[in-house]
Amino acid sequence: MRRDVFQAIADPTRRAIITLIAIQAMTPNAIAEHFNTTRQSVSKHLRILTECELIKHEQRGREIYYQLEIDKMKEIDKWLEHFRKIWENRFDNLDKLLAKMQNK
């Protein structure tokens, strides 16, 4: 089953994993230490994030390190930009209305 990035970020554990590896690349065991769950559960989340291309892994010697895939995160940001513009426009209109009410 092919998932998209929005399905991947819908889960709070996966969002937490993204936050962790945004700072630095980490091994699965290092990631799992931050959660009160099994290593297998974290591996499932890592697999989903990898399938959605939000993270990538790199073999360094005997260890695998996961790191954030910035370009895919930009896809999410681009989608959110539309909503930012809508809300900024609404806040601007509210500011104008409040200023008008204060002047009366």
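Model, not experiment: these values are computed from the prediction. (Residues numbered from 1 in each chain as written. Predicted model: local features only at pLDDT ≥ 70, side-chain atom pairs only at ≥ 80, totals over all residues. Heavy atoms only, no water.)

Enquirer: Any details on the overall build of the protein chain? Residues and values, ideally.
Expert: Each helix and strand counted, the protein chain has 5 helices and 2 strands in total. Going from the N terminus to the C terminus, the protein chain shows its helices and strands as α-α-α-α-β-β-α. Here the protein chain has a C-alpha radius of gyration of 20 Å; the compact-globule value for 104 residues is 13 Å, and the former is much larger. A principal-axis box enclosing the C-alpha atoms of the protein chain has dimensions of 70 × 25 × 25 Å. By the burial criterion, 24% of the 104 residues in the protein chain qualify as buried. Counting contacts in the protein chain only where the partners sit at least 6 residues apart, residues at least 24 apart contribute 50% of the total. In the form shown here, the protein chain has an accessible surface area of approximately 7700 Å², with 52% of it arising from carbon and sulfur atoms. The centroid of the 19 positive side-chain charges in the protein chain is displaced by 4 Å from the centroid of its 15 negative side-chain charges. (Helix = DSSP H or I, 4+ residues; strand = E, 2+ residues; numbered from the N terminus. Rg over C-alpha atoms; globule rule 2.2 N^0.38 Å. Buried < 20%, exposed > 50% of the residue type's maximum accessible area, 1.4 Å probe, protein only. Contact = heavy atoms within 4.5 Å. Areas by Shrake-Rupley, 256 points an atom, 1.4 Å probe, with all protein chains shown as cover. Lys, Arg positive; Asp, Glu negative; His and termini not counted. Charge placed at Lys NZ, Arg CZ, Asp CG, Glu CD.)

Enquirer: Pulling in residues and values, what's your account of the packing of aromatic side chains?
Expert: Here a ring pair, both rings aromatic, is described through the centre-centre distance and the interplanar angle of the planes. Counting across every chain of the model gives 3 aromatic pairs. Consider the rings of Phe6 and Trp79, whose centres lie 4.9 Å apart with planes at 55°: the pair is tilted. Of this pair, Phe6 sits in helix α1 (residues 5-9) while Trp79 sits in helix α5 (residues 70-103); the two residues are 73 residues apart in sequence, bridging distant segments of the chain. Exposure remark for Trp79: the relative accessible area of 45% places this residue in the partly exposed category. By way of ring pairs, the aromatic residues Phe6, Trp79 and Phe83 are connected into one cluster. A cation sits over an aromatic face here: Arg60 above Tyr65, 4.4 Å from the ring centre. Residue placement shows Arg90 over the ring face of Trp87; its charged tip is 4.9 Å from the ring centre. (Phe/Tyr/Trp six-rings, centres within 6.5 Å; stacked < 30°, edge-to-face > 60°. Lys NZ or Arg CZ within 6 Å of the ring centre and 35° of its normal.)

That is the geometry; function is a separate question.
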